[in-house]
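# Report on the structure
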Amino acid sequence: MMVRRGLSPWLPRMVVLLVVLCSAMSILYMLACTPKGIDEQLAFPRANSPTGKEGYQAILQEREEQHRNYINSLKKQIAQLKDELQERSEQLKSLQDHYTDSLGPGLERSNPEKTPADLLEFLRSQIDRAEVHAGAKLPTEYAAVPFESFTLQKVYQLETGLTRHPEEKPVRKDKRDELAEAIELALETLNSPDSDSNANHHMYTASDFIEGMYRTEKDKGTLYELTFKGDRPHKFRRIVLFRPFGPIMKVKNENLNMASTLINIVVPLAKRASKFRQFMQNFREMGIEQDGRIHLTVVYFGKEQMNEVKAILENTSRSANFKNFTFIQLNEEFSRGKGLDIGARIWKGNNVVLFFCDVDIYFTAEFLNTCRLNTQPGKKVFYPVLFSQYNPGIIYGHHGSILPLEQQLVIKKETGFWRDFGFGMTCQYRSDFINIGGFDLDIKGWGGEDVHLYRKYLHSNLIVVRTPVRGLFHLWHEKRCLDELTPEQYKMCMQSKAMNEASHGQLGMLVFRHEIEAHLRKQKTSSKKT
């Protein structure tokens, strides 16, 4: 009570004091923030004043000086950014000298000032994600990013659309410059003093370049694989480059010797003796006479036309002095997957490259080397995209006669298409095929078994190389879709049949041929009247 009585007289005084202090602060704030008077502001002099001209000049000079200082400041900032960009580019380029070519290459950290640890780790992770050294498990076949292949003159591309062609010169200047830079860097690597090739005094030139592959993944960068002729037959040099959205880097420099690498071509067959005769002509020319490191395994279903097929095989053996073949006969319904599986497993020799092939395929000797170069046991399998031929009767019908086969094998938009929906032709080492589990033998007849095997490889740690190749052709033949096929197999068969006939333009001409003929007749009639 005593405290309350003592405070009571002071409360009104304290309230008055606080009000006075707040009022004083408000007055001080208003005085400080009030704009200066008109007389104190910097204003443009009047034109008719004595000092008007001099005032304008002074103001303009002052403004000019301010802009000049601002521009100089911007220039300094731009120069600093350029220096930082140049420093980062030099850091990326310095990694080329630290990257080794061993089976487990890594980026050394001998110069931490130029190659900071976080940058090295980032680039190493980008290279690993790009499947340079090991495969990445993919959920479906649609997740795989295919390569595009190229030579000195042409690019072979899957994405054609309505304007681009399956084989063409790179139209865009940036793409030409990009591929030229990759080839130039590869040649510099091969001819450098540190390269093994320099010891043999062999100077590599652009004429030694055979072919290359590249693919760009939006979240990783661009991977290049370039193959050059070696200094001896069956020897090759491969340079692997990677561009992680920055300066291009050297990743691998490999010596490859394919002299003793045997390919076992496995062909499942039922009837179709005339097609087998055509296949053996191609096999003899490219496989026996030009390549020579080859074995043929024919798995034949049934007995109809079997003797004719065996006679063709034995005649080729005698005339070409070729003994490296195996003929297996099965008395059961045709199953492509089972035929290939048996042909692969019956091999008793050393580990061999298996090329699963069909009787209506044409291949070149260059393709056989491409098959070898893109397979590696325990590491890499090859799924080439072949060029599928349109119906020659439609393509060349207006010529009066169909051209010889060798002249038909031209990669053009009018003659065929990249068969990117097919996975039946593939190269892999036998050990990888056995370890992955082989084909699904429950699949009967045509189609489906190749996609299942492809998915197995995608789900593994093996690198799956898929790219269009210029030496592998699917020859046109009339396709019959049997009623015994499952609905899914029948649908796949009909889709394949529709795509095999002709291009969009050629099919359009067939569909509208009556209108075209009617138009031509009207033109002739009108010209006669005039």
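These numbers were taken from a predicted model, which means no experiment stands behind them.

Sheet strands line up and pair through hydrogen bonds in the backbone, either parallel or antiparallel. The seven strands lie next to each other as 3-2-1-4-5-6-7, forming an open sheet whose pairing is antiparallel. The open sheet terminates on both sides in strands that have one partner only, identified here as strand 3 (167-168) and strand 7 (249-257). Where strand 4 (residues 209-217) meets strand 5 (residues 221-229), eight bridges bridge the pair, whose relative direction is antiparallel. Its bridge partner lying in strand 5, Met213 is registered against Glu225. Lying over the sheet, helix 5 (residues 173-190) contacts strand 1 (148-150), strand 2 (155-156), strand 4, strand 5, strand 6 (235-243) and strand 7, oriented at roughly 55 degrees with respect to strand 5. Each of strand 4, strand 5, strand 6 and strand 7 is contacted by helix 9 (residues 365-373), which is oriented at about 60 degrees to strand 6, the strand it contacts most.

Ile265, Phe276, Phe279, Phe283, Phe355, Phe363 and Phe367 are the most contacted members of the largest nonpolar core, which totals 56 residues. Dropping the residues within four chain positions of it, Phe283 is found in contact with Ile265, Ile288, Ile294, Leu296, Phe322 and Phe363. Val352, Val381, Tyr454 and Leu462 belong to the second-largest nonpolar core, a separate cluster that totals 21 residues.

Take the pattern of salt bridges next. Under the counting rule described, the total for this entry stands at 20 salt bridges. Of the charged contacts in the structure, one is a salt bridge between Glu217 and Arg215, with a shortest N-O distance of 3.8 Å. Across the pair, exposure class does not vary: Glu217 and Arg215 are buried alike. In this structure, the salt-bridge partner of Arg238 is Glu254, at a minimum N-O distance of 3.6 Å.

This part takes up the pairing of strand 15 (residues 426-429). Alternating residues of strand 15 divide into Thr426 and Gln428 and Cys427 and Tyr429, and every residue in both groups is buried. Inspection of the sheet shows strand 11 (residues 353-356) paired to strand 15 by four bridges, in the antiparallel sense. Considered in strand 15, the bridge of Leu354 is made with Gln428.

Right, let's get into the packing of aromatic side chains. For the structure shown, the criterion picks out 23 aromatic pairs. With a centroid separation of 6.4 Å and 80 degrees between ring planes, the pair formed by Tyr156 and Trp418 is classed as edge-to-face. Here Tyr156 is found in strand 2, whereas its partner Trp418 is found in strand 14 (residues 416-418), with 262 residues between them in sequence. A relative accessible area of 6% places Tyr156 in the buried class. With centroids separated by 4.3 Å and ring planes inclined at 20 degrees, the aromatic side chains of Phe423 and Tyr454 adopt a geometry described as stacked. With Phe423 in the loop between strand 14 and strand 15 and Tyr454 in helix 13 (residues 449-458), this pair connects stretches of sequence that are 31 residues apart.

For Lys271, which is not a glycine, the phi torsion comes out positive at approximately 60 degrees. Mapped onto the fold, Lys271 is located in the loop between strand 8 (263-269) and helix 6 (273-291). Residue Gln305 is not a glycine yet carries a positive backbone phi of 65 degrees. Among the secondary structure elements, Gln305 is positioned in the loop between strand 9 (294-301) and helix 7 (306-320). With a relative accessible area of 31%, Gln305 lands in the partly exposed category.

Another aspect to go through is a nonpolar patch on the surface. A surface patch of nonpolar side chains, amounting to about 480 Å² of accessible area, comprises Met509, Val511, Phe512, Ile516 and Leu520. Contributions of two or more residues to the nonpolar patch are made by helix 15 (504-511) and helix 16 (513-529). Mapped onto the fold, Phe512 is located in the loop between helix 15 and helix 16. We classify Phe512 as partly exposed; its relative accessible area is 45%.

A few words on the state of the cysteines. Under the counting rule described, the total for this entry stands at two disulfides. There is a disulfide in this structure between Cys371 and Cys427, and the S-S distance comes to 2.2 Å. Judged by the torsion about the S-S bond (-125 degrees), the Cys371/Cys427 disulfide is left-handed. Of this pair, Cys371 sits in helix 9 while Cys427 sits in strand 15, and the two are 56 residues apart along the sequence. The same class applies to Cys371 as to Cys427, namely buried. The disulfide partner of Cys481 is Cys493, and the gap between their sulfur atoms is 2.1 Å. Here the disulfide of Cys481 and Cys493 is left-handed, its torsion about the S-S bond being about -90 degrees. Here Cys481 is found in the loop between strand 16 (463-474) and helix 14 (487-499), whereas its partner Cys493 is found in helix 14, with 12 residues between them in sequence. Comparing Cys481 with Cys493 shows no difference in burial state: the two are buried. Here the bonded cysteines of the protein are numbered in sequence order, and their pairing is 1-2, 3-4. With no disulfide of its own, Cys357 lies closest to Cys427 among cysteine sulfurs, the gap being 9.1 Å.

Reading the values: rules and limits
Residues numbered from 1 in each chain as written. Predicted model: local features only at pLDDT ≥ 70, side-chain atom pairs only at ≥ 80, totals over all residues. Heavy atoms only, no water. Pairing = 2+ DSSP bridges. Helix = DSSP H or I, 4+ residues; strand = E, 2+ residues; numbered from the N terminus. Contact = heavy atoms within 4.5 Å. Axes fitted to C-alpha atoms, helices over the stretch in contact; angles between N-to-C directions. Core = buried A, V, L, I, M, F, W, Y, C linked by side-chain atoms within 4.5 Å. Buried < 20%, exposed > 50% of the residue type's maximum accessible area, 1.4 Å probe, protein only. Salt bridge = Lys/Arg side-chain N within 4 Å of Asp/Glu carboxyl O. Phe/Tyr/Trp six-rings, centres within 6.5 Å; stacked < 30°, edge-to-face > 60°. Patch = residues over 30% accessible without salt bridge, like charges linked within 9 Å, V, L, I, M, F, W, Y side chains within 5 Å. Areas by Shrake-Rupley, 256 points an atom, 1.4 Å probe, with all protein chains shown as cover. Disulfide = S-S within 2.5 Å.

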